[in-house]
Amino acid sequence: EDVPGHGEFYDQSSHDITTRTAAHVNEWLEGRALRAAPRVTTGSLQVRREVNALYGAHAQVVRPGVPASWVDNYESVSERRLDNHETTILSVSRLDSRKRIDILVEAIAGLRNAGRDIGLVVAGAGPKRDALETLVADHNLEDAVTFAGFVPETDLASYYKSADVFACPGWMSYGITPLEAYAMRTPVGVSTDAFVNEVLSGEPGTAVLAPDAETWMEGLSLLSDCEPRSLRPDVVPTWDDFCTEIARVVEDVVE
């Protein structure tokens, strides 16, 4: 109950006794190491709770972030045409079950059935691509959903800036991509168990949404009406901030 997501995506009963024994030994060793470490850091309050619940170890939160240059050089980032729809939703993630891209496909289908000219661009690669393409075909969404494949780091900023909404319905212990999108002044939706919501919740142009298609239909519709100039990219931590805090942790240990 203290560790959401694990019970949904990992079925312990499906593993043989050898695999389970190896996993228990590994967890015992990891817990011993964490409890013995002079300092433990993690990116979110939720993972801090998980480390304590699972291992009896105490951690301090040091949040990863985005390149400072993305925030500082926003105006110089070029835009691109992602699709031919009035509203474009962007997802950037590995295509596996934990990312719940199927929820976005279902939400897009519902919004288009309601008369919205809306499209979804799915950036990323992974084992669920074939299943997602089948789902898209089942909903006759071939003209509405674009699979962009892997997008190199050098192009990501322009993808984020060009989208009307960034969508992250997955289960994530933290989540860098929503921060990157928000730094590019793009409204962001994240799931209730993507714990980057600790940074973004309550900020203008953001929504924390339960991981189901109906909720995401409503959330995407509201976010698409947000004014990008109302967003506050200064709330996004940078890698400079992260490194500064990690250096302080190291200095405390050394002293």
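So, here is what we can say about the structure in this document. These numbers come from a predicted model, not from an experiment.

Basis of the calculations
Residues numbered from 1 in each chain as written. Predicted model: local features only at pLDDT ≥ 70, side-chain atom pairs only at ≥ 80, totals over all residues. Heavy atoms only, no water. Phe/Tyr/Trp six-rings, centres within 6.5 Å; stacked < 30°, edge-to-face > 60°. Helix = DSSP H or I, 4+ residues; strand = E, 2+ residues; numbered from the N terminus. Buried < 20%, exposed > 50% of the residue type's maximum accessible area, 1.4 Å probe, protein only. Lys NZ or Arg CZ within 6 Å of the ring centre and 35° of its normal. Pairing = 2+ DSSP bridges. Right-handed = clockwise from strand over helix to strand, strands pointing away. Core = buried A, V, L, I, M, F, W, Y, C linked by side-chain atoms within 4.5 Å. Contact = heavy atoms within 4.5 Å.

Before going further, it helps to spend a moment on the packing of aromatic side chains. Summed over the entire model, instances satisfying the criterion amount to three aromatic pairs. For the ring pair W70 and Y160, a centre distance of 5.9 Å and an interplane angle of 55 degrees mean the geometry is tilted. You can see W70 sitting in helix α4 (residues 68-72) and its partner Y160 sitting in helix α7 (residues 153-162), a full 90 residues away along the chain. Accessibility classification places W70 together with Y160 in one group, the buried group. Aromatic pair Y160 and F166: ring centres 5.5 Å apart, planes at 70 degrees, arrangement edge-to-face. Summarising the burial analysis for this pair, Y160 and F166 share the class buried. In this structure an aromatic cluster arises from ring pairing among W70, Y160 and F166. Note that K161 overlies the ring of Y74, its terminal NZ or CZ placed 4.2 Å from the centroid. In this structure, R185 is placed above the aromatic ring of Y74, and the distance from its NZ or CZ to the ring centre is 4.1 Å.

What follows is about the pairing of strand β5 (residues 145-149). Side-chain alternation along β5 places V145, F147 and G149 on a buried face and T146 and A148 on a face that remains uncovered. The pairing of strand β4 (residues 118-123) with β5 spans four bridges and is classified as parallel. When the sheet's bridge partners are listed, V122 is paired in β5 with F147. Crossover connection from β4 via helix α6 (residues 129-138) to parallel β5: handedness right-handed.

Positive phi, normally seen in glycine, also occurs at R100, with a value near 55 degrees. Non-glycine residue N140 carries a positive phi angle of around 55 degrees. Looking at where N140 falls in the secondary structure, it is placed in the loop between α6 and β5. N140 gets classed as exposed once you look at its relative accessible area, which sits at 65%.

Here we take up the nonpolar core. Judged by nonpolar contacts, the single largest core of 33 residues is most densely connected at L90, Y160, F166 and L179. Secondary structure elements with two or more residues in this core: α4, β3 (87-92), β4, α7, β6 (165-168), α8 (177-183), β7 (188-191) and α9 (197-200). When neighbours within four sequence positions are excluded, L179 is seen to be in contact with P64, G65, V66, Y174, V196, V199, L200, V236 and P237. Judged by nonpolar contacts, the second largest core, of 27 residues, contains I89, L104, V136 and A167.

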